[in-house]
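Structural characterization, general
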Amino acid sequence: MFGDVVKPSITVGSKQWYTLPLSILAHVAVIGVLIVIPLLAADVLPTPPEMMGAFVAAPPPPPPPPPPPPPPQAAAPKPVMEVNPSAAPVQAPSEIKPETGLDVSQERVATVAGDIGGVVGGIPGGVPEAPPPPPPPPAPVRVGGAIQPPKKVRDQSPVYPPIAQSARVQGVVILEATIGPDGKVQDVRVLRSIPLLDAAAIEAVRQWQYTPTLLNNVPVPVIMTVTVNFTLR
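None of these values were measured; they are calculated from a predicted model.

**Observations concerning a nonpolar patch on the surface**
Among the surface-exposed residues, I31, I35, V36 and L39 lie close enough to one another that they form a single nonpolar patch of about 380 Å² accessible area. As for its placement among the helices and strands, I35 is situated in helix α2 (residues 19–44).

**Considering the side chain of Q209**
By secondary structure assignment, the location of Q209 is in strand β5 (residues 209–210). Beyond its immediate sequence surroundings of up to four residues, Q209 is in contact with K151, K152, V153, R154, D182, G183 and K184.

**Some thoughts on unusual backbone geometry**
Non-glycine residue R168 carries a positive phi angle of around 60°. Position of R168 relative to the elements: it lies in the loop between α4 (162–166) and β3 (171–179). What makes R168 exposed here is its relative accessible area of 58%. Even without being a glycine, N217 presents a positive backbone phi close to 65°. Assignment of secondary structure puts N217 in the loop between β6 (213–215) and β7 (218–220). Classification of N217 as exposed rests on a relative accessible area of 72%.

**Some thoughts on the pattern of salt bridges**
In the structure shown here, the tally under the stated rule is three salt bridges. E176 serves as the salt-bridge partner of R142, at 3.0 Å between the closest nitrogen and oxygen. Residue R142 is found in strand β1 (residues 141–142), and its partner E176 is found in strand β3; the two are separated by 34 residues along the sequence. Between R189 and E176 there is a salt bridge, with its nearest N and O atoms 2.6 Å apart. One end of the pair, R189, is in strand β4 (residues 185–192); the other, E176, is in strand β3, and 13 residues separate them in sequence.

**Some details on helix α5 (residues 198–205)**
Along α5, the residues that are buried comprise D198, A200, A201, A204 and V205. Projected down its long axis, α5 shows its buried positions confined to an angular sector of 165°, all on one face. Each element contacted by the buried residues of α5 is listed here: β3, β4 and β8 (222–230).

**So, the packing of aromatic side chains**
What describes a pair of aromatic rings is the distance from one ring centre to the other and the angle between the planes of the rings. According to the stated counting rule, one finds one aromatic pair in the structure shown. With centroids separated by 5.5 Å and ring planes inclined at 90°, the aromatic side chains of Y160 and F230 adopt a geometry described as edge-to-face. Here the residue Y160 occupies a position in the loop between β2 (152–154) and α4, and F230 occupies one in strand β8, the gap between them amounting to 70 residues. The two residues Y160 and F230 agree in class, both being buried.

**Considering the sheet that holds β4**
In space, the four strands of this open sheet follow the order β1-β8-β3-β4, with mixed pairing throughout. Each edge of the open sheet carries a strand with a single partner, namely β1 and β4. Here β1 pairs with β8 via two bridges, running parallel. Following the sheet pairing, V141 is matched in β8 by V222.

Cut-offs and rules
Residues numbered from 1 in each chain as written. Predicted model: local features only at pLDDT ≥ 70, side-chain atom pairs only at ≥ 80, totals over all residues. Heavy atoms only, no water. Patch = residues over 30% accessible without salt bridge, like charges linked within 9 Å, V, L, I, M, F, W, Y side chains within 5 Å. Areas by Shrake-Rupley, 256 points an atom, 1.4 Å probe, with all protein chains shown as cover. Salt bridge = Lys/Arg side-chain N within 4 Å of Asp/Glu carboxyl O. Helix = DSSP H or I, 4+ residues; strand = E, 2+ residues; numbered from the N terminus. Contact = heavy atoms within 4.5 Å. Buried < 20%, exposed > 50% of the residue type's maximum accessible area, 1.4 Å probe, protein only. Arc of directions from axis to C-beta. Phe/Tyr/Trp six-rings, centres within 6.5 Å; stacked < 30°, edge-to-face > 60°. Pairing = 2+ DSSP bridges.

Here it is in structure tokens:
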């Protein structure tokens, strides 16, 4: 085939043998120019931002500026130590200096509580001794023998509870009462109980009043047994 191209065996008209190769080269050159020129034009012309954004990522935003440094803090004032001239020294002095301005011509004798020139029991003008505590109250004594029961000077009848009346409950409630030195009832406890009548009996006995009981001419509290009788009418 190359032999036919170089030396064609057929001649057309008056054209020479090299006309066909030159025509082919011309066509190739024209086609190459048509292909290369658009490529070069694409490199030279600016690319629209929309097309650039599709292929090239936007650069990251710049970092924010660093915060301003904090203002310098004012130095705290140093505490001022107040020196009291009358206060005792904390540290021992390095040397002991003799005191001046003292009158040593006369000897001063201090009087101390004791045998010589003192005051018996303490220093004059001192705090007096505290008074002795009062004696404890005497313990209650039980009535019997030489201890006679006190006499009742004030009586109070018990109030019959309605529930006990409805239940037809009656009887005698026996109590043990402690009578104070002034004759007033201080404490009461039940010895023989009737549940529906106990509270009414205790309330009545607490309001009773007796004469004081004397022992060696001294009023003392006593313990005695009392009874409260509940009878239906």
